[in-house]
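Remarks on the overall topology
So you can see what is in the structure, the chains are spelled out below.
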Amino acid sequence: MARMFLQSDNGGYGVLIGDREKWYYWSEYNLPVELDADTNKENAEIIRNAINSGDMYNADDFITESADLDERHISAYDGMTFEQIDEYENKDRDCDFTAYVEI
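Residues numbered from 1 in each chain as written. Predicted model: local features only at pLDDT ≥ 70, side-chain atom pairs only at ≥ 80, totals over all residues. Heavy atoms only, no water.

1. Here's the deal with the overall build of the protein chain
Of the regular secondary structure elements, the protein chain holds four helices and four strands. The linear arrangement of helices and strands in the protein chain, starting from the amino end, is β-β-β-α-α-α-α-β. A compact globule built from 103 residues would reach a C-alpha radius of gyration of about 13 Å, and the protein chain, at 13 Å, matches this within 12%. For the protein chain, the spread of C-alpha atoms along the three principal axes comes to 40 × 30 × 20 Å. A total of 103 residues make up the protein chain; the buried ones form 40% of that total. Within the protein chain, residue pairs in contact and separated by at least 24 positions form 55% of the contacts whose partners lie at least 6 positions apart. In the form shown here, the protein chain has an accessible surface area of approximately 6300 Å², with 42% of it arising from carbon and sulfur atoms. Measuring between centres, the 8 positive side-chain charges of the protein chain sit 6 Å from its 25 negative side-chain charges. (Helix = DSSP H or I, 4+ residues; strand = E, 2+ residues; numbered from the N terminus. Rg over C-alpha atoms; globule rule 2.2 N^0.38 Å. Buried < 20%, exposed > 50% of the residue type's maximum accessible area, 1.4 Å probe, protein only. Contact = heavy atoms within 4.5 Å. Areas by Shrake-Rupley, 256 points an atom, 1.4 Å probe, with all protein chains shown as cover. Lys, Arg positive; Asp, Glu negative; His and termini not counted. Charge placed at Lys NZ, Arg CZ, Asp CG, Glu CD.)

2. Notes on the nonpolar core
In this structure, Ile 17, Leu 31, Ile 47 and Met 56 are the most contacted members of the largest nonpolar core, which totals 20 residues. Going through the elements one at a time, strand 1 (3-9), strand 2 (12-18), strand 3 (23-27), helix 1 (40-53) and helix 2 (59-65) are the ones with two or more residues in this core. Ignoring any residue separated from it by four or fewer positions in sequence, one finds Ile 47 in contact with Met 4, Leu 6, Val 15, Val 33, Leu 35, Met 56 and Ile 103. Counting eight residues, the second-largest nonpolar core is a separate cluster that includes Leu 16, Met 80, Ile 85 and Tyr 100. (Core = buried A, V, L, I, M, F, W, Y, C linked by side-chain atoms within 4.5 Å.)

3. Focus: the side chain of Ser 8
As for its position among the elements, Ser 8 is in strand 1. Within polar-contact distance, the side chain of Ser 8 engages the side chain of Asn 40 at 3.0 Å. Excluding residues that lie within four positions of it along the chain, Ser 8 makes contacts with Tyr 13, Asn 40, Phe 97, Thr 98 and Ala 99. (Polar contact = N/O pair within 3.5 Å; in protein donor to acceptor, adjacent residues only side chain to side chain.)

4. Here we look at unusual backbone geometry
Even without being a glycine, Asp 92 presents a positive backbone phi close to 65 degrees. In this structure, Asp 92 sits in the loop between helix 4 (82-90) and strand 4 (99-102). Unusually for a residue other than glycine, Asp 96 sits at a positive phi of about 55 degrees. By the secondary structure assignment, Asp 96 is in the loop between helix 4 and strand 4. In this structure Asp 96 comes out as partly exposed when scored by relative accessible area, which is 43%.

Take a look at the structure:
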């Protein structure tokens, strides 16, 4: 079962999806929802609601149904757990942290 996270940083929002071996990323501009809430948790809820209403793929469907999956693959994350990715992205930073909320 794939996992999905709302990812936010100073560049905006995106969705990070992992299937235990590979990780994929969709920027907010490639999503069928507007992430315009005040907090990351509220934006994650927008995504959950879109998935529940059928307006957006869930994590497994993103991986099995997306035609451009190779373009979305982040090879630097291959074999990493989510916790390792979080550490990789935020190691040695004192600002501009990348934050995640699981969907």
